[in-house]
Each structure stands twice: as structure tokens, then as C-alpha cells.
Amino acid sequence: MDNFVFYNPAKIIFGKDQEKTAGEWIRKYDGHKVLLHYGGGSIKKNGVYDTIIASLKANDLPFVELSGVVPNPRYSLIQEGIALCKREGVDFILAVGGGSVIDSAKGIAAGVLLNEDEDLWEDYYMFKRGPEKALPLGTVLTIPATGSESSRSSVVTNEATHFKRSMAADCMIPKFSIINPKTHYSLPPYQIACGCADILAHLMERYFTPTENVDFTDRMLEASMKTVINYAPLAIKYPTDYNIRAEIAWVGTIAHNGLLNTGRLGDWASHDLEHELGAIYDIYHGEGLAITFPAWMKYVYKQNPKRFVQFAQRVWDVEFSAEQEERIILEGIHRLERFFTELGLPIRCSQLHIDHSRFREMAQKIMVNRDHEGEFMKLYEEDCYQIYCLSE
Ligand code: NZQ
Ligand code: ZN
């Protein structure tokens, strides 16, 4: 096990009706003027918007609004948000939505406090570096998926350059995140599937580690993966079952709040491979991961077959047989693909009508400002290209 420092100050406020308390929490964190940031309108349809407005008003909090965040959030809207916050004297940002809204809010929060000579995109996103200061932010999470509600990172697409990149810093961890699983009832089945694929991917990125002797976190990861595998189909089948939604919501946050990678190095190549797909084809993050993760697995499993056997047996209950190591591994990968397929997700690029024509370009872009990709097995441009080919 590696040395580690674990720090996650995001206060999680979980349960029915908790979004009503948003205004009180902003007051507790000394917010006086709020930017209410949200997406394309789902919060107006499911009533969350009205509840939040009522809570802000009840706490005498003046606010300005910036809507229009899209999946694969755009850098141009962040720039608009920074200008708006400066103009209006905003001192607290409330993000109401999914990972895209929260990540956009984090970009704005950091951008408002940058010095004149700093460039948010070129100095931070393009180098995965984190700024030192950000405005405080809170979130109301409406889709369990990215874990951004308690993560350090913000992932954004620069539509001018077609790069999708992330930056990370402790100052961007939300002060509080409100999670009411009832507000997830209105999610379309496909978004539930995308969200669950992302949660599972966050667990697998951590599971496939080059670090030895990490049994405790292995076991926590396995329990978390089994929770997603069990509850994801149920969430689609019974969309208004509170207890099912609550299981998914909580594992989604824990999957990405830093706890499960304590003492171990994660891989993250499948995520970066997906971000290149998202940058060019604007696909949902979760559907992209259902494509890149199995392809990555097929390319790298020989690096450490023991870990893949453990994954197949402990997570997918593939039966043990010492002579059949490779068959066990491939069966584990097959069961993962079957799980994604049963959720209604694609597992090949062709299912999204993406052909190989830009695979080389994506493999080149992924290496920009990076020495290598991934940690379980270090990858370079040709490896990434081969993985894209396996995903075709
Ligand atoms: O825009 P609205 O109308 O709100 O609709 C959204 C959007 O179309 C809809 N939605 C959200 N909550 C809903 C709802 N529809 C009905 N009822 C609800 N309760 O769902 C769609 C997707 O929303 P989005 O925020 O894009 O989804 P997600 O949470 O999956 O976020 C994906 C983004 O987060 C990044 C991804 O790369 C992607 O850009 N990630 C962020 C991470 C982080 N900051 O730590 C880590 C992740 O690995 C990931 O990379
Ligand atoms: Zn993810």
C-alpha cells in the first residue's frame, strides 16, 4: 500500500426534501449573492428549480441565473459565467444538475479569482493543474454518475479546439452537496444507464492498479461494483423506488470521493480515451466508457492476469479453474459487456455510427501534454490507437 493523504471536506446532505435547505447551507457558508447555474431545463420540469428559488428567497439571498450547460460542458459558457459573476459581485455558486453543471460551476468558481496574467484553459485545463483559489460552491445533484459533487475535478470541452480536458484542486471541492434520490426519478432510462456505467468505471479505474497489497480497498471496490451491478437494472425497471435510487446515489458519490483510491494508484486511461471521443463526437460520457473500458481491458490484461482473474471471480462470480486463466479473464470482460448491453448501452463505436477515420487523430491528441497514458500499463500513441481499433 502506498502512503496517502485523504481529505474530502464536501458535506453530503442526503435524503428526501433536502434540496429545500439549499439557502440555509449557503448562508452557513457565508454566501451573500448567488449564481444559480443549471442545464437545459430538466430542473424546471421536475420541480427542483421552484424549490431552490423558494429556498433562496426564504433566506433573503439575491441571485442571478446562468442556464444552458450541455452534456460535455463548454468552455465558452464558463467564460460567460466568470464575466457575469464579476459584474454582479457573486460570492457563492450553486450548481443544480449533473456532472456537467457542477464542472461548469467549478470552472467559473476558479476563473473568477484568477490573476490577470493567468489563463484558465491554457494554464490549468490543458495541464491538469489546479488553481489555488476558487469561489465557494454548493451543489444539488440531480443525476448520480460523475461524483463531481464531492470530487476535486472539473472536466470541460473547449469547442474552439475540440479538446476535452480536466483540472483538479482541493479548492474546487464543493462546500456541500445535496442529494435527494427522489429528484432522480425523472431521469430517462438511458441517462440512468450512462450514470451507472460511469460509476462502475470510476470503481474499475481504481481497481486496475499497479499497486500491490491493497486488499482492504480491493474489497470495498468489489462491494461497490456489486452494488452498481445489482441496482442499475432495478433503477431502470422501478424508476420511482426510493431505496433503489438511494443505493445508486450513495455508491455514485463514494466511487469518486477519493476514499476508494487511498493507498493505490488508479489507471484512468479508459476515461481519457473516452474524453477524446466526447470531445469530437459529443457523446455522453457513460456511453463512451461502455465502449472504451472493455476495449482497454482486452488490450492490457496480459500485464497482470492475476488482477483480471480476481475481477472475473469476485465481481462477476466466474467459477474458478486454475488451468483456464485466460478463459476466466475473457469471461469477466464478456460479462461486463453483457451488463452494459442489458442496460441499453453501446459497447462498440459502430453502434454510435463512429468509424475509424479519426482514431489516429484521437490517439495523437490524447498524448498532448502527457508523457504516457494510464498506470496499470503505461500506454503511448500506438497503444491508444490499437485500443480505439479494438473498440470499433
Ligand atoms: O441539462 P438538463 O436539462 O438538466 O438535462 C440533463 C442532461 O441532458 C439530464 N438530467 C440531469 N438530471 C436530470 C436530467 N434529466 C431528467 N431528470 C433529472 N433529474 O441528464 C443529461 C446529462 O447530464 P450531465 O450533467 O451531462 O450528466 P453527468 O452527470 O453524467 O455529467 C457528465 C459530465 O461530467 C464529466 C463527464 O466527462 C461529462 O462531461 N465528468 C466529471 C467528473 C468530475 N468532475 O469529477 C468525473 C467523471 O469521470 C466525468 O469525466
Ligand atoms: Zn467518469
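Residues numbered from 1 in each chain as written. Chains lettered and ligands numbered in written order. Predicted model: local features only at pLDDT ≥ 70, side-chain atom pairs only at ≥ 80, totals over all residues.

1. Comments concerning the overall build of the protein
Put simply, the rule reads: Numbered from the N terminus, helices here are DSSP runs of H or I no shorter than four residues, and strands are runs of E no shorter than two. In this description the radius of gyration comes from C-alpha coordinates, and the expected globular size is given by 2.2 Å times residues to the power 0.38. Each residue gets a C-beta atom placed from its backbone, and two residues are in contact if those atoms lie within 7 Å.
On a plain count of helices and strands, the protein comes out with 15 helices and eight strands. Expected size for 392 residues packed as a compact globule is a radius of gyration near 21 Å; at 20 Å, the protein falls within 12% of this value. Principal axes of the C-alpha set define a box for the protein whose edges measure 70 × 45 × 45 Å. The contacts in the protein between residues at least 6 apart in sequence include a share of 79% that link residues at least 24 apart.

2. A word on helix 12 (residues 305–316)
The test is simple: How far a helix is expected to stretch is found by multiplying one less than its residue total by 1.5 Å. Between the buried cut of 20 or more and the exposed cut of 12 or fewer other C-beta atoms within 10 Å of a residue's own C-beta lies the partly exposed class, and all C-beta atoms are placed from the backbone.
In this model helix 12 runs 16 Å from its N-terminal to its C-terminal C-alpha over twelve residues, within 8% of the 16 Å that 1.5 Å per residue would give. Along helix 12, the positions that sit buried rather than exposed are F308, V309, F311, A312 and V315. Where helix 12 is buried, its residues contact helix 7 (189–207), helix 8 (215–237) and helix 13 (325–342). Positive phi shows up at D317, right after helix 12, with a value of about 60 degrees.

3. A word on the site of ligand 1
Threshold: Nearness rests on one distance test: the residue's C-beta atom, set from the backbone, must lie within 6 Å of the molecule or strand. Three residue categories are used. Nonpolar comprises Ala, Val, Leu, Ile, Met, Phe, Trp, Tyr, Cys and Pro, charged comprises Asp, Glu, Lys and Arg, and polar comprises the others, including Gly. Boundaries of every domain are those given by an automatic assignment or by a domain database.
Around ligand 1 lies a shell of 37 residues, among which G39, G40, P71, G98 and G99 are the nearest. Elements with a contribution of two residues or more to the shell around ligand 1: helix 2 (42–45), helix 5 (99–112), strand 6 (153–158), helix 7 and helix 11 (285–300). Taken together, the residues of the shell around ligand 1 sort by class into nine nonpolar, 26 polar and two charged. Of the residues that make up the shell around ligand 1, three or more belong to each of domain 1 (11–183) and domain 2 (187–391).

4. Looking at unusual backbone geometry
Non-glycine residue K128 carries a positive phi angle of around 55 degrees. Inspection of the secondary structure puts K128 in the loop between helix 6 (120–124) and strand 5 (137–141).

5. With respect to the domain arrangement of the protein
Split by domain assignment, the protein resolves into domain 1 (11–183) and domain 2 (187–391). Each of domain 1 and domain 2 was reduced to a C-alpha centroid, and the two centroids are 26 Å apart. In this complex, domain 1 contributes 22 residues to the contact, which on the side of domain 2 involves 27 residues. Within the residue set of the side of domain 1 that touches domain 2, elements represented by two or more residues are strand 1 (11–14), strand 6 and strand 7 (163–168).

6. Focus: the packing of helix 8 against helix 9 (residues 242–254)
For any two helices packed against each other, the geometry is given by the interaxial angle and the distance between the axes. Applied cut-off: Lines fitted to C-alpha atoms define the axes, with helix axes restricted to the stretch in contact, and inter-axis angles between N-to-C directions lie between 0 and 180 degrees. What sets the label is the angle itself: under 35 degrees gives roughly parallel, over 145 gives roughly antiparallel, 65 to 115 gives roughly perpendicular, and the rest give oblique. With the far helix as reference, a near helix turned anticlockwise by less than a right angle produces a left-handed crossing, and one turned clockwise produces a right-handed crossing.
Contact geometry of helix 8 with helix 9 gives a least axis separation of 9 Å together with a crossing angle of 140 degrees. In terms of orientation, helix 8 and helix 9 fall into the oblique class. Of the two possible hands of crossing, helix 8 and helix 9 adopt the one that is left-handed. Residue-level contacts link S224, T227, V228, Y231, A232, L234 and A235 of helix 8 to I244, R245, E247, I248, V251 and I254 of helix 9.

7. A short note on the sheet that holds strand 8 (residues 176–179)
Applicable threshold: Strands are labelled as partners when DSSP assigns at least two bridges between them.
What the six strands build is an open sheet, ordered 1-8-5-4-2-3; its pairing is parallel. Each having just a single partner strand, strand 1 and strand 3 (63–66) make up the two edges of the open sheet. On average, adjacent strands in this sheet sit at an angle of 20 degrees to one another, irrespective of strand direction. Of the strands in this sheet, strand 2 (34–38) and strand 3 are in contact with helix 4 (residues 75–88), which crosses strand 3 at around 165 degrees.

8. Things to note about the nonpolar core
Let me state the cut-off plainly: Nonpolar cores are built from buried Ala, Val, Leu, Ile, Met, Phe, Trp, Tyr and Cys residues. These are joined into a set through C-beta atoms within 7 Å.
Residues I93, V96, A109, C196 and A197 are the most contacted members of the largest nonpolar core, which totals 117 residues. Of the residues forming this core, the biggest block, eleven residues, is contributed by helix 7.

9. Regarding the environment of A145
Inspection of the secondary structure assignment puts A145 in the loop between strand 5 and strand 6. Put simply, A145 and A168 are 23 residues apart on the chain and 18 Å apart in space, counted from C-alpha to C-alpha. Discounting residues that sit within four places of it in the chain, A145 has contacts with G98, G99, C194, G195, D198, I199, G252 and G286.

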